[in-house]
Amino acid sequence: MSTSARRRILPGFGLSLGMTWAWLGLLVIVPLSGLVFQSLNLSWERFWETVASPRAFAAYRLSFGASLAAALINAVFGLLVAWVLVRYRFPGRAWVDALVDLPFALPTAVAGLTLTTLYASHGVYGRYLEALGLKVAFTPLGVAIALTFIGLPFVVRTVQPVLEDLDPEVEEAATTLGATPWQTFSRVVFPHVLPALLSGFTLAFARALGEYGSIVFISGNMPMRTEIVPLLIVTRLEQYDYAGATALALVMLVTSFTLLLTVNLLQRWSQRRLESRPG
Amino acid sequence: MHPRHVLPLLLLLSLGGCSKAGGDGSNGETVTLLNVSYDPTRELYEDFNAAFAKHWEASQGRKLTVQQSHGGSGKQARAVIDGLEADVVTLALAYDVDMLHDKANLLPTDWQTRLPNNSAPYTSTIVFVVRKGNPKNIRDWDDLTRDGVSVITPNPKTSGGARWNYLAAWGYALRKPGGTEDSARAFVSRLFKNVPVLDSGARGSTTTFAERGLGDVLIAWENEALLLTHEVGKERFDIVAPSVSILAEPPVALVDRNADKRGTRAVAEAYLRYLYSDEGQEIAARHHYRPRSQTVAAKHAQDFPAVTLFTIDEAFGGWRKAQKAHFDDGGEFDRFSVAQAR
Amino acid sequence: MHVATFTPRHATRSLASPALLKWGLIATALGFLGVFLFVPLIAVFSYAFQKGADAWFAAIRTPESLAAIRLTLTAALISVPINLVFGLAASWLIARFQFPGRALLLTLIDLPFSISPVIAGLLFVLLFGRHGGLGPWLIEHGHPVLFAVPGIVLATLFVTFPFVAREVLPVLQAQGCDEEEAALTLGASGWRTFLQVTVPKVKWGVLYGVILCNARAMGEFGAVSVVSGHVRGVTTTLPLHAEILYNEYDFVGAFAVASLLTLLALATLVIKKYVEWRADAP
């Protein structure tokens, strides 16, 4: 594989760097700086009081915990779904493929309402789950389930193109050489899709952290128990406390920025390892 | 052309396209008014706008279009503060209109005295909706604090309507013989112990109660309760009026700065005044709001049971005080709900 | 003219997986999708058609719904191409070059995802609102951004910002750049190499990126809701319209509008199928 010195042979570095920064600057960095300025209006004590209250901590715990759970579920099943869609032919495959994106198209409020209807005690699922002693609607579990729905397309859609481009002959070769399906998967397929999988996981997780519209319906919004961070932000806005809202937003932003950066560095590391392997 | 120039050009073109699309299509002949309102008033203003447009055209010979915007009361007020050019606002609580003055100086501080009746041309109150036949025998506020009664009300932190519910309960407890701030706090805190879900908006709560079958009693505005029992869920629910409740006064106001800028002050003022006319009052009554006019009220007397009503000024010294003491961060509601969750 | 070579898609029995494994995996995948995706979708459509197709069409044909459809399509038509062009540039940059700040750049691109839609809307309010940095000047000069179409487009651009870059990037990374280098060595211009070698190679990534971007652009609720102002028939997009209908107890109408959105999102998939068909054609 190529070294970074050879890569510079490729043209377009300046153009793409300029375009990317301009695009980022206009759409992301300028608006975000407004957020930072707004939260500077707060004194340090007020800032701390806002972001470190027990109630805020309960909300962080729920938001990060449920998002992580949802992203993990999506990573496992998303990879499976992508694999099945790319490598197997079965009746109705095209339909299934077509429907994977729909959680995006459905307005989040509608998604929230629909899921709440399904999981509430009279709902299609709720009825049976409740008989098993499992309450979903208006509990943290319901939040995680809604977030799984919201983030479902990410992993499938990031892994899918990579799998489409992965030549099945490589797997066939491995099999011919006597590898078991599991060995072929773990040694050949998995390392290849790992960057995409991580990418999808990150996206699903990040998206789940910020989700508001669908969650307020299924969570029940009970203080300390089922309040998500975006709800606390809305609560602040409802008191015309823009500075307090931006303070909470800033905490979420810095945390998810750190998480995303870690994953991206991790991914670069795994890619280097992959590239440095012989063969 | 060098490809290097193509992309910026494309971007420019598309941005040009979008700013053009932003222009409004108003022509010289028709006057447009923008009424920024809260959620449940849609049907009311649909009828009223048509009636007023007819009245305006007949008296002034000019065509009028009234545009409507509906949403949560606080959110709507914020939009106006941030630049939505409403000529008039018709919101759920006076505090939100106060903020138009405090945060953006869009109208004078004495806005509420410019129109009769505290600038609230129609009123409502807080009542209970129970399942048909009232199986839990809910009669008054005290029944909502009984063990085993599940109460549905939206989150007072996010819903303006819910704040009226909360204050109605608090005011009731204060007015009970021997009622004090402490006994009221204990009463409301016990009531909220019976609340399993806090929806973010009033209509969310209604759905939770009516469609999901959660709860034994829904605390709601009377106009919402009547809409629910008369139109949405006929034969499934009963309304119970408590002995004492709060007089909910959803205020209307001219947004001076916007109206002056757009040159719509005269028609906007006439629009709001028309709400107090017989026709305006009749439309309000038809949409289950209590009219201010005695004659119109007499005509609809059977729709609105007699309830002893107290005002927010009497019980709490006005919205600003109530908001600060009860709903702002660290206020009464936060304190007991956090304590309960522990 | 150079003819791009597409590798035909393999529908092979790779992995030589035993039939049992294959059908086991298919069953698990479908089971998961069924529980988490299909049943909720069926619920949406069954609400939408609760009162029959006539009621569905009646809900879609109101002037307000039609205006909302127009606005939603406008926002998507503007934001998807812009994000496509810049997303391609960004993924090319990140996949092909090593430079200081690369991981930072990638993280900044991801950031709009993790920002709550509520905050995304607030960002633009803080910038373009009456008390914002640019707002007073723009409002003064008669170019309000908030509570008008430009604000809605900006919010849509923001929330769909990372999709194309994020979808194309793994594909570019997985493929390496030997072919580009070969083309350049043979004397093709950089631009030509990009258009004729790279773009065909990453077409699946691009397609999925566009599909996701488009679906999300049309379905975005939270951020758009903050900057829209909800003026009926003027600044309400389809998702906002669905919410308004729901708040008016018009459940059939609300779900009809929601189901229309899912159908619009399917339109991009038809395009994808068409591209696949063209690619497979000899």
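Residues numbered from 1 in each chain as written. Chains lettered and ligands numbered in written order. Predicted model: local features only at pLDDT ≥ 70, side-chain atom pairs only at ≥ 80, totals over all residues.

(A) Spotlight on the overall build of chain A. A count of helices and strands for chain A gives 14 helices and zero strands. Going residue by residue from the N terminus, the α and β elements of chain A occur as α-α-α-α-α-α-α-α-α-α-α-α-α-α. Summarising its shape, the C-alpha atoms of chain A cover approximately 65 × 55 × 30 Å along the three principal directions. The buried share of chain A, reckoned over its 279 residues, is 53%. Counting only contacts in chain A whose residues sit at least 6 apart along the sequence, the fraction spanning at least 24 positions is 79%. (Helix = DSSP H or I, 4+ residues; strand = E, 2+ residues; numbered from the N terminus. Buried ≥ 20, exposed ≤ 12 C-beta atoms within 10 Å, placed from the backbone. Contact = placed C-beta atoms within 7 Å.)

(B) Looking closely at the overall build of chain C. Along chain C, the regular secondary structure elements total 14 helices and zero strands. Listing every helix and strand of chain C by position from the N terminus yields α-α-α-α-α-α-α-α-α-α-α-α-α-α. For chain C, the C-alpha atoms occupy an extent of roughly 60 × 55 × 35 Å along the three principal directions. Taking all contacts inside chain C whose residues are at least 6 apart in sequence as the whole, residues at least 24 apart take part in 74%.

(C) Quick look at the sheet that holds strand E1 (residues 31–38) of chain B. Residues and elements named next belong to chain B. The strand order E2-E1-E3-E9 describes an open sheet built from four strands, whose pairing is mixed. The two strands at the open ends of the sheet, each matched to only one other strand, are strand E2 (64–71) and strand E9 (252–254). Adjacent strand axes in the sheet meet at a mean angle of 20° when their direction is disregarded. In this sheet, E9 lies alongside strand E3 (residues 88–90) in antiparallel orientation, the contact comprising three bridges. Bridged to Val 88 within E9 is Leu 254. (Pairing = 2+ DSSP bridges. Axes fitted to C-alpha atoms, helices over the stretch in contact; angles between N-to-C directions.)

(D) The arrangement of the interface of chain B and chain A in detail. Contact residues are listed per partner, giving 23 residues for chain B and 20 residues for chain A. For the side of chain B that touches chain A, the secondary-structure elements that each account for two or more residues are helix H1 (3–21), helix H3 (73–81), helix H4 (94–104) and helix H15 (332–341) of chain B. Among the elements that take part in the side of chain B that touches chain A, H15 of chain B stands out by supplying three residues, more than any other. Within the side of chain B that touches chain A, the residues separate by chemical class into seven nonpolar, seven polar and nine charged. (Nonpolar A, V, L, I, M, F, W, Y, C, P; charged D, E, K, R; others polar.)

(E) Region of interest: helix H10 (residues 190–201) of chain C. Residue and element names in this part refer to chain C. The terminal C-alpha atoms of H10 lie 15 Å apart, and with twelve residues this matches the ideal 16 Å at 1.5 Å per residue to within 8%. When H10 is considered as a whole, its buried residues turn out to be Thr 193, Phe 194, Val 197, Thr 198 and Lys 201. For H10, the angular spread of buried residues about the axis comes to 120°, placing them on one side. (Expected span 1.5 Å × (residues − 1). Arc of directions from axis to C-beta.)

(F) How the structure looks around the interface of chain A and chain C. Contact with chain A, which involves 94 residues of that partner, is made by 98 residues of chain C. At 14 residues, helix H2 (residues 13–39) of chain A tops the list of elements feeding residues into the side of chain A that touches chain C. Of the residues contributing to the side of chain A that touches chain C, the split by class is 60 nonpolar, 23 polar and eleven charged.

(G) Looking closely at the packing of helix H5 (residues 117–128) of chain C against helix H7 (residues 149–159) of chain C. Residue and element names in this part refer to chain C. In the contact formed by H5 and H7, the axes pass within 10 Å of each other and the chain directions differ by 135°. In terms of their interaxial angle, H5 and H7 are classed as oblique. H5 and H7 meet at a crossing whose hand is right-handed. Here Pro 117, Ala 120, Gly 121, Phe 124 and Phe 128 of H5 lie close against H7, whose contacting residues are Gly 151, Leu 154, Ala 155, Phe 158 and Val 159. Across the contact of H5 with H7, the residue classes break down as eight nonpolar, two polar and no charged. (Parallel < 35°, antiparallel > 145°, perpendicular 65-115°, else oblique. Left-handed = near helix turned anticlockwise from the far one by under 90°.)

(H) Structural detail: unusual backbone geometry. You will see that Asn 105 of chain B, though not glycine, has its phi angle at about 50°, which is positive. Here Asn 105 of chain B lies in the loop between H4 and strand E4 (122–131).

(I) Representation of the domain arrangement of chain C within the structure. All names here are of chain C. When its domains are assigned, chain C resolves into domain 1 (17–48) and domain 2 (52–280). Facing the four residues of domain 1 at the interface are seven residues of domain 2. Considering only residue class, the side of domain 1 that touches domain 2 consists of four nonpolar, no polar and no charged. (Domains from an automatic or database assignment.)

(J) The arrangement of helix H5 (residues 160–175) of chain B in detail. Given a rise of 1.5 Å per residue, 16 residues ought to cover 22 Å, and the 23 Å separating the end C-alpha atoms of H5 of chain B matches this to within 8%. Burial analysis of H5 of chain B places 15 of its 16 residues in the buried class, the great majority of the element.

(K) Structural context of the pairing of strand E8 (residues 244–248) of chain B. Residues and elements named next belong to chain B. The buried count for E8 comes to four of five residues, which makes it a mostly enclosed element. Here E8 pairs with strand E11 (residues 308–310) via three bridges, running parallel. Residue pairing in the sheet places Ser 245 in a bridge with Leu 309 of E11.

(L) Structural context of the nonpolar core. In this structure, Val 80, Val 88 and Val 255 of chain B are the most contacted members of the largest nonpolar core, which totals 281 residues. Element by element, the count of residues in this core is highest for helix H4 (residues 54–87) of chain A, at 17 residues. In this structure, Val 255 of chain B is in contact with Val 80, Ala 86, Asp 87, Val 88, Val 89, Leu 100, Leu 106 and Leu 107 of chain B, ignoring residues within four places of it in sequence. (Core = buried A, V, L, I, M, F, W, Y, C linked by C-beta atoms within 7 Å.)

(M) Seen up close, the confidence of the model for chain A. Residue and element names in this part refer to chain A. When pLDDT is averaged across chain A, the result is 86; 94% of the residues are at 70 or more. H4 holds the highest mean pLDDT among the elements of chain A, 94, whereas helix H1 (residues 4–7) holds the lowest, 45. A low-confidence stretch, residues 1–7 stays under pLDDT 50, and its non-local contacts, those more than four residues away or across chains, total nine contacts. (pLDDT = per-residue confidence, 0-100.)

(N) Examining the environment of Ser 116 of chain C more closely. As for its position among the elements, Ser 116 of chain C is in the loop between helix H4 (102–114) and H5. Here Ser 116 of chain C falls in the buried class, since 28 other C-beta atoms lie within 10 Å of it. Each residue touching Ser 116 of chain C, except ones within four places of it in the same chain, is listed here: Gly 210, Tyr 212, Pro 230, Ile 233 and Met 252 of chain A.

(O) The confidence of the model for chain C, seen in detail. Residues and elements named next belong to chain C. Mean pLDDT over chain C stands at 85; residues scoring 70 or higher make up 92%. Here residues 1–16 scores under 50 on pLDDT; set against residues more than four positions off or in separate chains, the count is 21 contacts. Across the assembled chains, the prediction reports ipTM 0.83 with pTM 0.86.

(P) Fine view of the packing of helix H7 (residues 108–119) of chain A against helix H9 (residues 140–165) of chain A. All names here are of chain A. Taken N-terminus to C-terminus, the directions of H7 and H9 make an angle of 130°; their axes are 11 Å apart at the nearest point. Judged on the interaxial angle alone, H9 and H7 are oblique. Our pair here, H7 against H9, has a crossing hand that is right-handed. Note on element contacts: H9 touches H7 through Gly 142, Ile 145, Ala 146, Phe 149 and Ile 150, opposite Ala 111, Gly 112, Leu 115 and Tyr 119. For the contact of H7 with H9, the residue count by class is seven nonpolar, two polar and no charged.

(Q) Region of the structure containing the environment of Ala 322 of chain B. With respect to the helices, strands and loops of the structure, Ala 322 of chain B is situated in helix H14 (residues 319–327). For the pair Ala 322 of chain B and Asp 142 of chain B, spaced 180 residues apart in the sequence, the C-alpha separation amounts to 22 Å.

(R) Here's a closer look at the pairing of E4 of chain B. Residue and element names in this part refer to chain B. With nine of its ten residues buried, E4 lies for the most part within the structure. Relative to strand E10 (residues 290–291), E4 runs antiparallel, the two sharing two bridges. Bridge assignment links Tyr 122 to a residue of E10, and that residue is Pro 291. When E4 meets E8, the two strands line up antiparallel, connected through two bridges. Across the sheet, the residue bridging to Thr 125 is Leu 247, located in E8. Inspection of the sheet shows E4 paired to strand E6 (residues 217–221) by five bridges, in the antiparallel sense.

(S) Structural detail: the environment of Val 51 of chain A. All names here are of chain A. Relative to the helices and strands, Val 51 resides in helix H3 (residues 44–51). Since 20 C-beta atoms lie within 10 Å of it, Val 51 is described here as buried. Between the alpha carbons of Val 51 and Pro 31 there is a distance of 21 Å; along the sequence they are 20 residues apart. Not counting chain neighbours up to four residues away, the residues in contact with Val 51 comprise Ala 56, Ala 247, Leu 248 and Val 251.

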